[in-house]
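# Overview (structure and organization)
Chain by chain, the residues:
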Amino acid sequence: MLLIHCPYCEQDLPELEFAYAGEAHIARPADPSKLTDEEWRDFLFIRTNPRGVHFERWRHINGCARFFNAARETVSDRFLLTYKAGEPRPDVAKLTGVAQ
Amino acid sequence: MTHFSLAQVIKGALSGQKNWTPQWPDAEPKASYDVIIVGAGGHGLGAAYYLAKEHGITNVAVIEKGWLGGGNTGRNTTIIRSNYLYDESARLYDHALDLWENLSQDLNYNVMYSKRGVMMLAHNVHDVQSSQRHVHSNRLNGVDNSWLTAKEAKAFCPPLDISPSARYPVLGAALQRRAGTARHDAVAWGYARAAAARGVDIIQNCPVSAIRRGPDGRVTGVETAKGFIAAKKVAVSAAGHTSVVMETAGVRLPLESYPLQALVSEPIKPIFPCVVMSNSVHAYISQSDKGELVIGSGTDQYVSYSQRGGLPLIEHTLAAICEIFPIFRRMRMLRKWGGIVDVTPDRSAILGKTPVPGLYVNCGWGTGGFKATPGAAHTLAHTVARDEPHPINAPFTLERFTTGRLIDEAAAAAVAH
């Protein structure tokens, strides 16, 4: 079981308290009626799915119920960092010491 | 290659089983091939076999990062069925089922296909209504499926608890009698042996690091741990790692990779005659020929390449199994494992051409690729050989995520794959 740090509650808590909510930092289109079919496809369906550091949303559903973001290594499942929603995407090189 | 027959078995017995030879050679790569298939699972090996057998293309290599059949082919719960709701899916999976029927004879290798029946339980009124609709729809599509009352279900599968006081009461079940199981490793081995006999090179322990394209955009070959190998056509059939490989050719896919877990009990005497699935409580179970109860769990909620998965899912699955089959409450579990499955937004596969000339993809089988093995392999071979899809896999394009013509099987069927 994963232990996840909620940046609002500031506690490490078991995975069962949290709901995964997909890839993070995917911005909703500012002007939806201007989008082409390809742009809709990219927004709705195309995902990074990296073998490496993944930026993702979690929700502390059985706690404070708030959304936050996490950077997690998808091979080891190790969390590198969790941060509040709205904060900018952290620099991967700084987190892992490896340029990507 | 030794042709297996009763005479060979008797000869083997009389000679102390000492004269069996390796079933296929472990090849070293040549400088170039007509077709390279990335991923030596059942789908990839099968595609190589059908390329050689049906299309006369034998200058083929199947390249595998680990060992043959060591990915999801060796990690699934071996269940075969074709009772899918939508026309497109019904045709594809029923095509696979037709090929399963004679696969052992075709390959001259016993894949132990056992038509023991797959039974899907209905626990409430909604389940009954949607299952019956499913049965009718399947029958209209020519797909075998039938409806059983609770008593008939109990007669078909005696360990089932159908008492009204059960935590998950059984109100009836849909039964596909033609469905069943097969020995997963034997499928990979049988295809490998039959493909190698027709001249296909199987290259193991050779990760593909990149797909190379020429100035005109066309595929030129693959970079591997054993150097560059040129190819006129490349087909990627790498399950959970497909997005990583395809990214190197500049193709981004609508895929996410999740761990899917399964577990087996200690081996016991034959007790469980069929496969039982319960989609509402998410559990499914069968018994292997070795005697282990084979239990399928679910996918973890997060993207991962860890091939492990978390224990809470196993606990949840076993809780459901113990409620539906109280007889198994004191069974001990022997081991659990995970495989990485590639899931598409509509839970249907992507099998066809890509925007890159000469590059083909077979992916997105999610949690249910094993049952499709011969059908996927057969239609992938057709697509690669003719550079156009077989009518059966034609709807399973990558373009459907642009046009919106999805095959939304998960929403339609609400079933585990």
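Calculation notes
- Per chain, residues are indexed from 1 in the order of the written sequence.
- Whichever chain is written first becomes A and whichever ligand is written first becomes 1, with later ones labelled in order.
- A pLDDT threshold of at least 70 governs which residues receive local features in this predicted model, and a stricter bar of 80 or more applies before side-chain atom pairs are shown or counted, although totals over entire chains, interfaces and linings include all residues.
- UniProt positions are given in the numbering used here, feature names are shortened, and annotations may be inferred rather than shown by experiment.
- Only runs of H or I of at least four residues qualify as helices and only runs of E of at least two qualify as strands under DSSP, and these elements are numbered from the N terminus.
- This radius of gyration counts C-alpha atoms alone. The globule rule is 2.2 Å times how many residues there are, raised to the power 0.38.
- To sort residues by burial, count the other C-beta atoms lying within 10 Å of each one's C-beta; a count of 20 or more means buried, 12 or fewer means exposed, and anything in between means partly exposed. C-beta atoms are built from the backbone.
- Any residue pair is listed as a contact if its two C-beta atoms, each placed from the backbone, are within 7 Å.
- Lines are fitted to the C-alpha atoms to define the axes, a helix being fitted only along its stretch in contact, and any angle between axes, read from their N-to-C directions, falls within 0 to 180 degrees.
- Convention used here: angles under 35 degrees read as roughly parallel, angles over 145 as roughly antiparallel, angles from 65 to 115 as roughly perpendicular, and any remaining angle as oblique.
- Under the grouping applied here, Gly and all other residues not named as nonpolar or charged are polar, the nonpolar ones being Ala, Val, Leu, Ile, Met, Phe, Trp, Tyr, Cys and Pro and the charged ones Asp, Glu, Lys and Arg.
- Strands were regarded as paired on the criterion that DSSP finds at least two bridges between them.
- Only buried residues count toward a nonpolar core: Ala, Val, Leu, Ile, Met, Phe, Trp, Tyr and Cys, linked into one set through C-beta atoms within 7 Å.
- pLDDT expresses, on a scale from 0 to 100, how confident the predictor is about each individual residue.
- Domain delimitation in this document rests on an assignment produced automatically or drawn from a domain database.
- Each crossing gets its handedness from the near helix: less than a right angle anticlockwise from the far helix is left-handed, clockwise is right-handed.

Naming follows an unreviewed UniProt entry, where chain B appears as Sarcosine oxidase subunit beta of Amaricoccus macauensis. Among the UniProt annotations of chain B, the heading Sequence similarities (unreviewed entry) holds the following wording: "Belongs to the SoxB family." Chain B has a UniProt comment under Subcellular location (unreviewed entry) that states "Cytoplasm".

Chain A carries the name Sarcosine oxidase subunit delta in an unreviewed UniProt entry, which gives Amaricoccus macauensis as its organism.

## What to know about the overall build of chain B
The secondary structure content of chain B amounts to 12 helices and 18 strands. Its C-alpha radius of gyration of 21 Å places chain B within 12% of the 22 Å reference for a compact globule of 417 residues. Dimensions along the principal axes, computed over C-alpha positions, put chain B at roughly 70 × 65 × 40 Å. Looking at chain B as a whole, 53% of its 417 residues qualify as buried. Sequence-distant contacts, at least 24 apart, represent 76% of the contacts inside chain B between residues at least 6 apart.

## Examining the packing of helix H3 (residues 87–101) of chain B against helix H10 (residues 373–386) of chain B
Packed helices, taken two at a time, are described by the angle their axes make and the gap between the axes. All names here are of chain B. The interhelical angle for the contact between H3 and H10, taken along N-to-C directions, is 105°, at an axis separation of 7 Å. Here H3 is positioned roughly perpendicular relative to H10, judged by the angle of their axes. Facing H3, whose interface residues are Leu92, Tyr93, His95, Ala96, Leu99 and Trp100, H10 presents Thr373, Pro374, Gly375 and His378. In the contact of H3 with H10, the residues fall into six nonpolar, four polar and no charged.

## Concerning the sheet that holds strand E4 (residues 118–122) of chain B
Residues and elements named next belong to chain B. Read across the sheet, eight strands follow the order E5-E6-E4-E13-E14-E15-E12-E16 without closing on themselves; strand pairing throughout is mixed. Each of the sheet's edge strands pairs with one partner strand only, and the pair in question is strand E5 (146–149) and strand E16 (333–343). If you compare each strand with its neighbour and ignore which way they point, the axes differ by 25° on average. In terms of strand pairing, strand E13 (residues 275–278) meets strand E14 (residues 283–287) through three bridges, oriented antiparallel. Directly across from Met277, in E14, lies its bridge partner Tyr284. Packing of helix H9 (residues 311–324) onto the sheet brings it into contact with strand E12 (256–265), E13, E14, strand E15 (293–299) and E16, and relative to E15 it is tilted by some 130°.

## A word on the UniProt feature "domain: Rhodanese" (unreviewed entry) in chain B
Under the UniProt annotation, "domain: Rhodanese" (unreviewed entry) lies at residues 35–79 of chain B. Helix makes up 31% of residues 35–79 of chain B and strand makes up 20%, while its end C-alpha atoms are separated by 30 Å.

## Here's the deal with the interface of chain B and chain A
With 19 residues of chain B at the contact, the number on the chain A side is 20 residues. Mapped onto the side of chain B that touches chain A, the elements with two or more residues apiece are helix H8 (242–247), E12, H9 and helix H11 (400–403) of chain B. The residue inventory of the side of chain B that touches chain A, partitioned by class, reads 10 nonpolar, seven polar and two charged.

## Brief notes about the nonpolar core
Core analysis: the largest hydrophobic core is formed by 125 residues, its most contacted members being Ile36, Ala48 and Met119 of chain B. Per-element accounting of this core gives the leading share, nine residues, to helix H7 (residues 184–197) of chain B. Ignoring anything within four residues of it in the chain, the contact list for Met119 of chain B reads Ala153, Phe156, Cys157, Ala173, Leu175, Cys274, Val275 and Val276 of chain B. The next biggest cluster of nonpolar side chains, apart from the first, holds 10 residues, and it includes Cys6, Val53, Phe68 and Ala70 of chain A.

## Remarks on the environment of Asp387 of chain B
Residues and elements named next belong to chain B. In this fold, Asp387 is placed in the loop between H10 and H11. Since 11 C-beta atoms lie within 10 Å of it, Asp387 is described here as exposed. Linking Asp387 and Lys353, residues 34 residues apart in sequence, is a C-alpha distance of 7.6 Å.

## Thoughts on the sheet that holds strand E4 (residues 53–59) of chain A
Within a sheet, neighbouring strands are paired by backbone hydrogen bonds and run either parallel or antiparallel to one another. Residue and element names in this part refer to chain A. As summarised here, the arrangement of the four strands in space is E3-E4-E5-E6, forming an open sheet in which the pairing is antiparallel. Looking at strand neighbours, the two that pair on one side only are strand E3 (19–23) and strand E6 (79–84), the edges of this open sheet. Strand-to-strand twist in this sheet, taken as the mean axis angle between neighbours without regard to direction, amounts to 30°. Sheet topology places E3 next to E4; three bridges connect them, and they run antiparallel. Bridging from a neighbouring strand, Tyr20 pairs with Trp58 of E4.

## What to know about the confidence of the model for chain B
Of the residues in chain B, 98% have a pLDDT of 70 or more, and the chain-wide mean is 95. Scoring the predicted complex yields pTM 0.95 and, for the interface, ipTM 0.94.

## Examining the domain arrangement of chain B
All names here are of chain B. Domain annotation of chain B identifies domain 1 (27–109 + 183–254 + 346–413) and domain 2 (118–177 + 257–343). Each of domain 1 and domain 2 has a C-alpha centre, and these two points are 28 Å apart. Counting residues at the interface gives 24 residues for domain 1, matched by 25 residues for domain 2. Per-element accounting of the side of domain 1 that touches domain 2 gives the leading share, three residues, to H3.

## Some points on the environment of Ser163 of chain B
Counting through the fold element by element, Ser163 of chain B comes out in the loop between helix H6 (150–156) and strand E6 (172–176). Sequence separation between Ser163 of chain B and Ala150 of chain B is 13 residues, and the spatial gap between their C-alpha atoms is 9.4 Å.

## Side note on the packing of helix H2 (residues 42–55) of chain B against H7 of chain B
Residue and element names in this part refer to chain B. With their axes 8 Å apart at the nearest point, H2 and H7 run at an angle of 30° to one another. In terms of orientation, H2 lies roughly parallel with respect to H7. Read as a crossing pair, H2 and H7 show a hand that is left-handed. Along its contact with H2, which presents Gly42, Leu45, Gly46, Ala48, Tyr49 and Ala52, the element H7 presents Val187, Ala188, Tyr191, Ala192, Ala194 and Ala195.

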